[in-house]
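Structural overview for review
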Amino acid sequence: MRLEFTKMHGLGNDFVVIDCISQRARLDTHQIKQIADRHFGVGFDQLLLVEAPTRPDVDFRYRIFNADGSEVQQCGNGARCFARFVRDRKLSRKTKLIVETASGIIELNIAPNGWVRVNMGVPRLEPNDIPFIASARALTYPLDVSDHIIEISAVSMGNPHAVILVDNVNTAPVREWGRIIENHPRFPERVNVGFLEIIDRQRAKLRVFERGSGETLACGTGTCAAVVAGIQQGLLDERVRVQLRGGELDIRWQGEGHPVWMTGPTARVFDGVLRLYEWQ
Ligand SMILES: N[C@@H](CCC[C@H](N)C(=O)O)C(=O)O
């Protein structure tokens, strides 16, 4: 199978993007993991598939796979790259795209400078919607993590997120706790784990240990979830600039029932061709 692809990134969260409208792509989990491999493949945090819509009121279908081959509901940095990809490949001339994902509809607005503003949808905070096992909804929940009881917030941005407040993201146990919390039995579909440091009411720092991919240089949905958790706890204002290891994102949330808006850059790194039969 011969497949053209583009390597892209959003703040260092990197992607292989494949146009499945102009070419036929059927990838199994083994092949996805091989492409994800940074030594034997191309390497990516997520694989993004651009597909024809399954309903008349949207422009495209957007599918997302983690490096471990699992298909997931949402990817914020990927959504911005998706918009840039369809514009660069001339799959659409629209500057506002309506896109279906496994967790619902998102709206992508492309600015002339390549930045993209995304309506990431309304966050869900009920434990069952995340899904997270808890007897009732709360601002924070105690969770047992390697002999500690820590406090986490739980937010769904279409995909599940746990958010932990820390004093310093540089010294936070991102990999150690990230791995444990990702697979914690109270998160039946596993979880992305964000470590949030508040600088002031408009600025924060964040590191994210992503479900199925490990720590990434940035996570768009993780950033939205962390800002939602910070606003809910009265620590952040409605508009927040978040510093991630790979750069900065602008997040706006007007509160419960409103969608989260995320604005950030996109980058195209190179185009390539995969010949999957060579790996068998
Ligand atoms: N990098 C992403 C999130 C990708 C999916 C995540 N790892 C999951 O399993 O839910 C982003 O920018 O949002």
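Worth saying up front: this structure is predicted, and the values here are computed from it rather than measured.

**Looking at helix α1 (residues 29-36)**
Turning to α1, its buried residues are Q31, I32, I35 and A36. Summarising the axial view, the buried residues of α1 lie within an arc of 140°, below the 170-degree limit, and thus occupy one face. In this structure, the buried residues of α1 make contact with β2 (13-19), β3 (46-51), β4 (60-66) and β18 (267-275). Put simply, D28 is the residue that caps the front of α1, since its side-chain oxygen is 3.2 Å from the backbone nitrogen of H30.

**Side note on the site of the ligand**
The environment of the ligand is formed by 15 residues, the closest being N13, G76, R211, G220 and T221. G76 is positioned with one of its backbone polar atoms (N or O) 2.7 Å from an oxygen atom of the ligand. Under a 2 Å grid-point criterion requiring more than half of the atoms, the pocket assigned to the ligand is the largest cavity. Looking at the shell around the ligand, the elements that each hand over two or more residues are α2 (76-88) and α4 (220-232). In terms of residue class, the shell around the ligand is made up of 3 nonpolar, 10 polar and 2 charged. Mapped onto the domain boundaries, the shell around the ligand takes at least three residues apiece from domain 1 (2-115 + 266-275) and domain 2 (127-261).

**Overview of the packing of aromatic side chains**
Describing an aromatic ring pair means giving the distance of the ring centres and the angle of the ring planes. With the rule as written, the count across this model stands at 5 aromatic pairs. Here the aromatic rings of F5 and F270 are separated by 6.0 Å at their centres, their planes lie at 80°, and the arrangement is edge-to-face. Taken together, the residues span a long stretch of sequence, with F5 in strand β1 (residues 2-10) and F270 in strand β18 at a distance of 265 residues. A residue is classified by how much of its surface remains accessible, and F5, at 4% relative accessible area, is buried. On the basis of relative accessible area, F270 is assigned to the partly exposed category, the value being 38%. One aromatic cluster in this structure is built from F60, Y62 and F82.

**Looking at the domain arrangement of the protein chain**
Partitioning the protein chain into structural domains gives domain 1 (2-115 + 266-275) and domain 2 (127-261). Counting residues at the interface gives 21 residues for domain 1 and 23 residues for domain 2. Of the roughly 1400 Å² buried at the junction of domain 1 and domain 2 (both faces included), carbon and sulfur atoms supply 47%. Its largest share of buried area at the contact with domain 2, domain 1 owes to L11, Q73 and Q74, together 36% of the area lost on that side. If you look at where domain 1 meets domain 2, you find 12 residue pairs in polar contact (both at pLDDT 80 or more). Looking at the side of domain 1 that touches domain 2, the elements that each hand over two or more residues are α2 and β7 (104-110). If one sorts the elements of the side of domain 1 that touches domain 2 by residue count, α2 sits on top with 3 residues. In terms of residue class, the side of domain 1 that touches domain 2 is made up of 5 nonpolar, 12 polar and 4 charged.

**As for the pairing of strand β15 (residues 239-244)**
Burial of the side chains of β15 is restricted to one face: V240, V242 and L244 are buried, whereas none of R239, R241 and Q243 on the reverse face is. In the sheet, strand β13 (residues 203-210) pairs with β15 via 3 bridges, with the strands oriented parallel. Bridging across to β15, R203 finds its partner in R241.

**Here's the deal with the side chain of H184**
With respect to the secondary-structure elements, H184 resides in the loop between α3 (174-182) and β12 (192-200). Ignoring sequence-local partners within four residues, the contact set of H184 consists of L143 and D144.

**Considerations on the UniProt feature "active site" (unreviewed entry) in the protein chain**
Here the UniProt-annotated "active site" (unreviewed entry) positions come out as C75 and C219. These annotated residues cover 145 residues of sequence, but their C-alpha atoms sit close together, with the largest distance between any two at 7.8 Å. Taken from the residues named earlier, the lining of the largest cavity is made up of C75 and C219. On the secondary structure map, C75 appears in the loop between β5 (71-72) and α2. Residue contacts for C75: discarding those within four places in its chain leaves N13, F15, Q46, Y62, I64 and T221. Within the secondary structure layout, C219 lies in the loop between β14 (214-216) and α4. Taking relative accessible area as the criterion, C219 reaches 4% and is therefore assigned buried.

Conventions we followed
- Residues numbered from 1 in each chain as written.
- Predicted model: local features only at pLDDT ≥ 70, side-chain atom pairs only at ≥ 80, totals over all residues.
- Heavy atoms only, no water.
- Buried < 20%, exposed > 50% of the residue type's maximum accessible area, 1.4 Å probe, protein only.
- Helix = DSSP H or I, 4+ residues; strand = E, 2+ residues; numbered from the N terminus.
- Arc of directions from axis to C-beta.
- Contact = heavy atoms within 4.5 Å.
- Polar contact = N/O pair within 3.5 Å; in protein donor to acceptor, adjacent residues only side chain to side chain.
- Near = heavy atom within 4 Å.
- 1 Å grid on protein atoms, 1.4 Å probe; cavity = no way out; pocket = protein on both sides within 12 Å on 5 of 7 lines; lining within 4 Å.
- Sits in = over half its atoms within 2 Å of the grid points.
- Nonpolar A, V, L, I, M, F, W, Y, C, P; charged D, E, K, R; others polar.
- Domains from an automatic or database assignment.
- Phe/Tyr/Trp six-rings, centres within 6.5 Å; stacked < 30°, edge-to-face > 60°.
- Buried area = accessible area lost by both parts, 1.4 Å probe.
- Pairing = 2+ DSSP bridges.
- UniProt positions renumbered as here; feature names shortened; annotations may be inferred.

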